[in-house]
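Observations on the model geometry
Each chain, written out:
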Amino acid sequence: AQSVTQPDIHITVSEGASLELRCNYSYGATPYLFWYVQSPGQGLQLLLKYFSGDTLVQGIKGFEAEFKRSQSSFNLRKPSVHWSDAAEYFCAVGKNNLFFGTGTRLTVIP
Amino acid sequence: GAVVSQHPSRVICKSGTSVKIECRSLDFQATTMFWYRQFPKKSLMLMATSNEGSKATYEQGVEKDKFLINHASLTLSTLTVTSAHPEDSSFYICSAGLTESNTIYFGEGSWLTVV
């Protein structure tokens, strides 16, 4: 069965600090993996996606994610967080219809 | 680029009434669209798969008579919440895929409040 686990419900980081959001998945075939960001009251914005090839994927807003098949993980990283990055982040797996994790809320403190 | 648009973005309706939400693929044809629901502070859950020209496929636990889905054209799918109740208040969002680029596009979402 397909599933996505985001173990961290809420993370707080200082502006300028590095960030890593964890995502583990369970999927029967080669997964398509996504990270979306949702600001309060807004829809979903795609940060990056992985289908195949290079396991380190670059996305928008300075985010990157690394696919590790052996760990069934697709963690999202950013070297230096900005206050505007505060939002809810969702990891998802699937090809057409997606299975979402429960999300990680990121708070950025000055 | 490809865009999926939803309308309305916010709607308030009275209990017992029905409300329709539209999902449009603006510059591509989508034979399949997906409807998700997000409860407050929760993740998104797939409600149903909307198939152009045929019946929608509903996920387990989703009432098909409550959430009517119509996909009458290759660019439009509608979700109608019938006889709405306050517990139907939620964020509803649709998506459609662009096969050529293996990209899934989401609409802006629709906030439904039933009073």
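Quick summary incoming for the structure in this document. No experiment lies behind these values; they were computed from the predicted model shown.

**Let's talk about the sheet that holds strand β3 (residues 19-25) of chain B**
All names here are of chain B. Ordered in space as β1-β3-β8-β7, the four strands form an open sheet in which the pairing is antiparallel. The open sheet has two edge strands with one neighbour each: β1 (4-7) and β7 (67-73). Averaged over all pairs of adjacent strands, the angle between strand axes in this sheet comes to 15 degrees, irrespective of strand direction.

**Observations concerning the state of the cysteines**
According to the stated counting rule, one finds two disulfides over all chains in the structure shown. One disulfide bridge connects A:Cys23 with A:Cys91, the sulfur atoms lying 1.9 Å from each other. Measuring the twist about the S-S bond at about -65 degrees, one finds the A:Cys23-A:Cys91 disulfide to be left-handed. Within this pair, whereas A:Cys23 is found in the loop between β3 (19-21) and β4 (24-26), its partner A:Cys91 is found in strand β10 (residues 87-94), the two being separated by 68 residues in sequence. The exposure classification of A:Cys23 matches that of A:Cys91, with both residues buried. Disulfide partner of B:Cys23: B:Cys94, at an S-S distance of 2.0 Å. Every disulfide takes its handedness from the sign of the S-S torsion; for B:Cys23 and B:Cys94 that torsion is 80 degrees, giving right-handed. Taken as a pair, B:Cys23 in strand β3 and B:Cys94 in strand β9 (residues 90-98) lie far apart in primary sequence, 71 residues in all.

Rules of the game
Residues numbered from 1 in each chain as written. Chains lettered and ligands numbered in written order. Predicted model: local features only at pLDDT ≥ 70, side-chain atom pairs only at ≥ 80, totals over all residues. Heavy atoms only, no water. Pairing = 2+ DSSP bridges. Helix = DSSP H or I, 4+ residues; strand = E, 2+ residues; numbered from the N terminus. Axes fitted to C-alpha atoms, helices over the stretch in contact; angles between N-to-C directions. Disulfide = S-S within 2.5 Å. Buried < 20%, exposed > 50% of the residue type's maximum accessible area, 1.4 Å probe, protein only.

Functional significance is not addressed by these values, which are geometric in nature.
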